[in-house]
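Here's the letter readout for the chains.
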Amino acid sequence: MLKYEGMIFDLDGVLTDTARFHYMAWKRLCDEMGMRFDQTLNERLKGIGRMDSLNIILSENKSDLTDEEKLILTERKNRYYQEMISRITPDDLMPGAFELIQKLKELGVKKAVASASRNAATVLKRLGIIDRFDYIVDASAIKNGKPDPEIFLNASQNLWIPPERCIGVEDSEAGIEAIKRAGMYAIGIGAPAVLCKADLVLKDLTDTDRIISLLLR
Ligand code: B16
Ligand code: MG
C-alpha cells in the first residue's frame, strides 16, 4: 500500500548537477560586465527563473538596466549555459537517480519534473531519461515562480494525484518552501542548514531504500 503515489523532482541540483553550469554562466556574464558574483549570491538564485535571477544580481550590484538591456543579458547568459549543457550525457545523472527512477516505476509511483528551467526538456533528453517521466512542467506556462507553490501544484494536478499524496524533491530553499506551501512532503538534497524547512535532507539520491520506505505505509 502506497502512502505517497507521486514524486515530483526538481531538475538542476537534484537529477543532475547543472546548478554549477548556471553558476559558471552567470559568473562569466558578471565578470564581463564588471559585476560582483559569488557562490553566496548564487545560492539565492537556485530555483529562481532567469529574469528574476538577473534582477537579484543587478540589485546586489546596485545597478539598473532597461528591459531591453536585461533581455540581451539574459539571452547571453543562456547562450553560455546552453554551450555547457550541449555536452551532457547520461553519465551526468546524479548518483542514485537512475536507480530511484527504476524503483519508482516498479512500485507504480508516478513521476514528474518541476523545474524553473526553460532548458529542462533539453537536459532531460541529453540525460536519456525524458521518457521515464509521466509529466514535465512547462516552465514558461508558470506565472509565479518558486517559492510560490504553483509549479508543484501544476505537476500534481497533471499527475492526477492530490498534493498531500506527493513528495517533492528540491535542492533550493525557494523550492522547499514551494513544496511545503503546496502541502507536500519535502525532501531536500544538499546542506541541512540551508534546507532546514524540508521534512528530510539527504546529500543525494543514493539512499534509495530510505526514500522508498517513506513511500510505503
Ligand atoms: P533557465 P531548477 C532553475 O532550475 C535553476 O535552479 C536556476 O538557477 C535557473 O535560473 C532556473 O532554473 C532557470 O533556468 O535559465 O535554464 O530557464 O532548479 O528549478 O530545476
Ligand atoms: Mg534546483
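Reading the values: the criteria
- Residues numbered from 1 in each chain as written.
- Chains lettered and ligands numbered in written order.
- Predicted model: local features only at pLDDT ≥ 70, side-chain atom pairs only at ≥ 80, totals over all residues.
- Heavy atoms only, no water.
- Donors = N, O, S within 2.8 Å, 3.2 Å for Na, K, Ca; no water.
- Domains from an automatic or database assignment.
- Contact = heavy atoms within 4.5 Å.
- Buried area = accessible area lost by both parts, 1.4 Å probe.
- Salt bridge = Lys/Arg side-chain N within 4 Å of Asp/Glu carboxyl O.
- Helix = DSSP H or I, 4+ residues; strand = E, 2+ residues; numbered from the N terminus.
- Nonpolar A, V, L, I, M, F, W, Y, C, P; charged D, E, K, R; others polar.
- Near = heavy atom within 4 Å.
- Polar contact = N/O pair within 3.5 Å; in protein donor to acceptor, adjacent residues only side chain to side chain.
- Areas by Shrake-Rupley, 256 points an atom, 1.4 Å probe, with all protein chains shown as cover.
- 1 Å grid on protein atoms, 1.4 Å probe; cavity = no way out; pocket = protein on both sides within 12 Å on 5 of 7 lines; lining within 4 Å.
- Sits in = over half its atoms within 2 Å of the grid points.

A look at the coordination of the magnesium ion (ligand 2)
Donor atoms from the polypeptide that bind the magnesium ion (ligand 2) are Asp-10 (OD), Asp-12 (O) and Asp-171 (OD), placed at 2.0 to 2.2 Å. Each donor residue of the magnesium ion (ligand 2) belongs to the same chain, with the gaps between them written as D-x1-D-x158-D.

Considerations on the domain arrangement of the chain
According to the domain assignment, the chain consists of domain 1 (6-17 + 92-215) and domain 2 (19-85). Counting residues at the interface gives 15 residues for domain 1, matched by 13 residues for domain 2. For the pairing of domain 1 and domain 2, the buried interface totals around 1,100 Å² over both sides, and the portion due to carbon and sulfur atoms is 48%. When the shortest N-O distance is used, the salt bridge between Arg-20 and Asp-17 registers 3.2 Å. Element by element, the count of residues in the side of domain 1 that touches domain 2 is highest for helix H6 (residues 120-127), at three residues. The class makeup of the residues in the side of domain 1 that touches domain 2 is four nonpolar, four polar and seven charged.

Considering the site of ligand 1
Of all residues adjacent to ligand 1, which total 18 residues, the nearest are Asp-10, Asp-12, Arg-50, Ser-115 and Ser-117. Ser-117 is positioned with one of its side-chain polar atoms (N or O) 2.6 Å from an oxygen atom of ligand 1. Contact between ligand 1 and Lys-146: an oxygen atom at 2.7 Å from a side-chain N or O atom of the residue. Isolated, ligand 1 exposes 470 Å² of accessible area, and the fraction of that covered by the protein chains is 97%. Given that more than half its atoms are within 2 Å of the pocket grid, ligand 1 belongs to the largest pocket. Among the secondary structure elements, those contributing two or more residues to the shell around ligand 1 are helix H3 (50-60) and helix H4 (67-85). Split into classes, the residues belonging to the shell around ligand 1 amount to five nonpolar, six polar and seven charged.

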